[in-house]
Amino acid sequence: MSTTVLFTGFPGFLGTALLPRTLQRAPEATAVALVQEKWMDQARRTLARLEADEPRIAGRTRLVVGDITRSGLGLDDEELATLRQGPLEIFHLAAVYDLSVPADLAWSVNVEGTRHVVELARTAEELVRLQYVSTCYVSGRYPGIFSEDDLELGQTFANHYEHTKHEAERIVVKARDAGVPVTIYRPSVVVGDSRTGETQKYDGPYYALQLIARQGRVAVMPLPGDPSRVQFNLVPSDFVVDAIAALAPHPGALGRTVALAAPHPPSVLEMCEAFATHTSKQLRVVPVPTPLSKFAIDRLPGVGRVFKLPSSTLDYLTHPTVYDVTATTALLDEVGVRCPPFAEHVGAMVAFHREHPDVGSAAMV
């Protein structure tokens, strides 16, 4: 009996990239993409483009209106029964990727949504694997080295996004420990494709790039803490896609948590210096205290408009966690996937930003 592959979060970035890759590696499989009703028109256009680009996957994907925040994913009994019969692989990609997300939305989508997906996984007659995309920032603000197997270290959280993704991963880990076949993927900050720089949104480090790029020959960059001692872990999107696509069927990844983070990330200062170099600027760093900066951006008229930098981003310029990816790097070596160093992809990142100034920063919710 052929495998059904369920994708949540389509037509978001990861679902759009992974759906064709998954169908190509499993020629007999069919896909079901769970789509919020408001995104259905975009989902149809995206699927049509994917099928035109890769005729071998044409006619093998069914778009279904659903909602992970509802029990049974908002599907009727017949649809659920069909999914539960026969081999089922689940890519749970849907989440609110927004540092400023309100608590109620974050808990509804990230935690309850994951709980509902895990319930389906538990009741499937033959679950091939639950492929769950978490985030490195389940670490919260843990001050030290955080390994792939770490989760509960008494950490605090900078925002509702981190907290709810941590709670969601706890649900997945509990299911894994009870025997559900699972692989957990933890990307760090995802930026544009390493070759083209293409990205769907400008957030995170792009705020720093934008601030530097729109200034004159000398770019003033206010930075909290000691930017030479804080790592900013960012990885190109194609690395994340390549890693998940390669590890999803790999027996060695079953039951594992893999940290899709850069082995040797730049410091905050090195990152900003690279942005300045690639925009032909001279960087001048101005030290600022984090609490004062947040207050100024959030409360003082005109400051937020000038810097165009959400106060939530400042926490990542003083992020105290270092990610140990030793085990993940060894696992990725087995499937021939390598994370390119920042120096190799920053040029493409900056060039795409320069050539496409109208890309927004909004997350798909």
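Residues numbered from 1 in each chain as written. Predicted model: local features only at pLDDT ≥ 70, side-chain atom pairs only at ≥ 80, totals over all residues. Heavy atoms only, no water.

Draft legend 1. The overall build of the protein chain, seen in detail. Looking only at helices and strands, the protein chain has 12 helices and 13 strands in total. Counting only C-alpha atoms, the protein chain reaches 65 × 45 × 40 Å along its principal axes. Scored against the burial criterion, the 365 residues of the protein chain give a buried share of 54%. Summarising the internal contacts of the protein chain: among those between residues at least 6 apart in sequence, 83% fall at separations of at least 24. (Helix = DSSP H or I, 4+ residues; strand = E, 2+ residues; numbered from the N terminus. Buried < 20%, exposed > 50% of the residue type's maximum accessible area, 1.4 Å probe, protein only. Contact = heavy atoms within 4.5 Å.)

Draft legend 2. Region of interest: the nonpolar core. If you look at the biggest cluster of nonpolar residues, it comprises 71 residues, and the most contacted ones within it are Leu6, Ile90 and Phe275. In terms of residues, this core owes the most to one element, helix α4 (residues 103-123), which gives 7 residues. Counting residues in each nonpolar core, the second largest holds 38 residues, with Phe7, Val35, Ile244 and Leu331 among its members. (Core = buried A, V, L, I, M, F, W, Y, C linked by side-chain atoms within 4.5 Å.)

Draft legend 3. The sheet that holds strand β3 (residues 61-65), seen in detail. Here we have 7 strands laid out as an open sheet, ordered β3-β2-β1-β4-β5-β7-β11, and parallel in their pairing. Whereas interior strands pair on both sides, the edge strands pair on one side only; in this sheet they are β3 and β11 (257-260). Looking at each pair of strands side by side, their axes are set apart by 15° on average, direction ignored. As paired strands, strand β2 (residues 30-35) and β3 are joined by 5 bridges and run parallel to one another. (Pairing = 2+ DSSP bridges. Axes fitted to C-alpha atoms, helices over the stretch in contact; angles between N-to-C directions.)

Draft legend 4. Broad picture of the environment of Leu19. Along the polypeptide, Leu19 turns up in helix α1 (residues 13-25). Sequence separation between Leu19 and Ala245 is 226 residues; the distance between their C-alpha atoms is 9.4 Å. Residues contacting Leu19, with those up to four places away along its chain left out, are Phe7, Phe10, Ala31, Ala33 and Thr61.

Draft legend 5. Inspection of the packing of helix α7 (residues 237-247) against helix α11 (residues 326-335) at higher detail. Following both chains from N to C, one finds α7 and α11 inclined at 70°, their axes separated by 10 Å at the closest point. In terms of axis orientation, α7 runs roughly perpendicular to α11. Between α7 and α11, the residues in contact are Phe239, Ala243, Ala246 and Leu247 and Leu331, Leu332 and Val335, respectively. The residue makeup of the contact of α7 with α11, split by class, is 7 nonpolar, no polar and no charged. (Parallel < 35°, antiparallel > 145°, perpendicular 65-115°, else oblique. Nonpolar A, V, L, I, M, F, W, Y, C, P; charged D, E, K, R; others polar.)

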